[in-house]
Amino acid sequence: MKFSKAFCLSSAALFASSTSAFAFHESPAFKNSLKLHGGGAGTSTAIKADPVPDLKAPPALYQGAVAAGAAKASAPFGKIFKLGIVSGAHIAFGAYLAVTVGGACPGIAASNPGLQKIILGAFGLPFGLIMTLVTGGELFTGNTALVTAAVMEGKTTKKDLVKNWVASYAGNFAGSLLLAYLVFKSGTLGALPGSVAIATAKCSMPFATAFVRGIMCNWLVCMAVYMASGCASLTSKMVAVWFPISAFVALGLDHSVANMFLIPLGILRGAEISISQMFTSNLIPVTLGNIIGGALCVMAPYGLTFGSWGKKDE
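Note that this is a predicted model, so its numbers are computed, not measured. (Residues numbered from 1 in each chain as written. Predicted model: local features only at pLDDT ≥ 70, side-chain atom pairs only at ≥ 80, totals over all residues. Heavy atoms only, no water.)

Caption draft 1: Molecular detail of the packing of aromatic side chains. Going through the model one piece at a time under the given rule, you end up with six aromatic pairs. The rings of Phe 140, Trp 165 and Tyr 169 are connected pair by pair, giving a single aromatic cluster. (Phe/Tyr/Trp six-rings, centres within 6.5 Å; stacked < 30°, edge-to-face > 60°.)

See below:
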């Protein structure tokens with residue numbers, strides 16, 4: 001027992017002396033250096049990093065969009081297609097909610113049509129786009145802006161742009177059709193006529209009208225995608241998305257991917273619309289308008305200002 005006690009005491013003394021020998025002693029100069037970097041007592045090895053800004057400055061926002069577009073363009077066709085299916089379903093869920101809530105207010109629509117439009121826009125599509133952006137989906141309408149910017153900056157090729165657009169469009173269509181069928185079979189809309197009326201109205205417009213509505217719609221959608229890409233927090237991304245998306249719905253504009261759900265759902269529920277009419281009267285002109293809205297109305301001004309669009313190589 002005496003030997004054990006003596007051994008423990010000697011070991012403790014040896015450990016204390018060893019610790020003292022290797023202890024780090026702060027010099028006055030080192031302490032002053034820590035103070036200059038925001039440190040002090042108790043933070044001898046920790047230097048505070050600059051906080052990440054919640055919103056990027058406009059030039060950095062544009063460069064981030066270019067990088068995102070290049071990454072999307074370089075992905076394999078199959079990956080883009082699969083993520084496109086998910087994104088199509090996300091947007092369809094948003095349109096589903098909009099029809100369920102905003103499309104089921106006939107009394108408000110009759111007495112206060114402006115309020116009904118706000119309700120239609122506020123509850124639905126914003127959350128669909130938020131799900132897509134947060135989870136890294138592939139949405140054709142957003143890609144018309146991001147991948148175009150990457151091509152114009154020389155970060156990807158036109159061939160990869162076509163690959164991305166075709167894969168994301170096809171995937172979005174597949175996801176939208178899937179959800180339209182599930183919603184139809186679910187019976188949750190009951191006898192509400194909203195989906196039939198919406199689909200019929202969308203396929204009754206002249207080609208030029210649908211084209212122009214497509215331009216203005218994706219101008220707002222791509223502004224939402226563009227602004228959200230520069231936000232660090234989920235809250236700021238949600239704010240960036242909510243206002244433009246709710247606005248385009250309330251204004252009665254046309255989004256090709258949302259229409260991939262709304263029109264087939266209307267057909268399943270009895271709308272007298274043929275497949276060819278769905279394409280020629282809506283999806284084709286709206287898609288062309290969406291491309292113009294995303295590539296030219298959104299990205300071109302920022303590319304000409306912060307990028308190298310229109311600048312000759314020196």
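Caption draft 2: Examining empty space enclosed by the protein more closely. Scanning the model with the defined rule gives two cavities of 30 Å³ or more in all. If you add up the space inside the largest cavity, you get close to 40 Å³. Around the largest cavity, the lining residues are Ile 91, Leu 125, Leu 129, Leu 139, Val 221, Ile 245, Phe 248 and His 255. Elements supplying a minimum of two residues to the lining of the largest cavity: α7 (125-135) and α12 (234-250). Of the residues contributing to the lining of the largest cavity, the split by class is seven nonpolar, one polar and no charged. (1 Å grid on protein atoms, 1.4 Å probe; cavity = no way out; pocket = protein on both sides within 12 Å on 5 of 7 lines; lining within 4 Å. Points joined across faces, edges and corners; volume = space filled by probe spheres on them. Helix = DSSP H or I, 4+ residues; strand = E, 2+ residues; numbered from the N terminus. Nonpolar A, V, L, I, M, F, W, Y, C, P; charged D, E, K, R; others polar.)

Caption draft 3: Structural detail: the layout of surface pockets. If you add up the space inside the largest pocket, you get close to 680 Å³. Lining the largest pocket are 33 residues, with Leu 120, Ile 198, Lys 202, Val 249 and Gly 252 positioned closest to its centre. Secondary-structure elements contributing two or more residues to the lining of the largest pocket are α4 (77-101), α5 (106-111), α6 (113-122), α10 (194-202), α12 and α13 (256-268). Looking at the lining of the largest pocket, the element that brings in the most residues is α10, giving five residues. Each residue belonging to the lining of the largest pocket can be placed in one class, and the counts come to 22 nonpolar, seven polar and four charged. By volume, the second largest pocket is sized at about 280 Å³. Lining of the second largest pocket is provided by 17 residues; of these, Lys 72, Leu 133, Leu 146, Val 225 and Ser 229 occupy positions nearest its centre. Going through the elements one at a time, α3 (58-74), α7, α8 (140-152) and α11 (207-229) are the ones with two or more residues in the lining of the second largest pocket.

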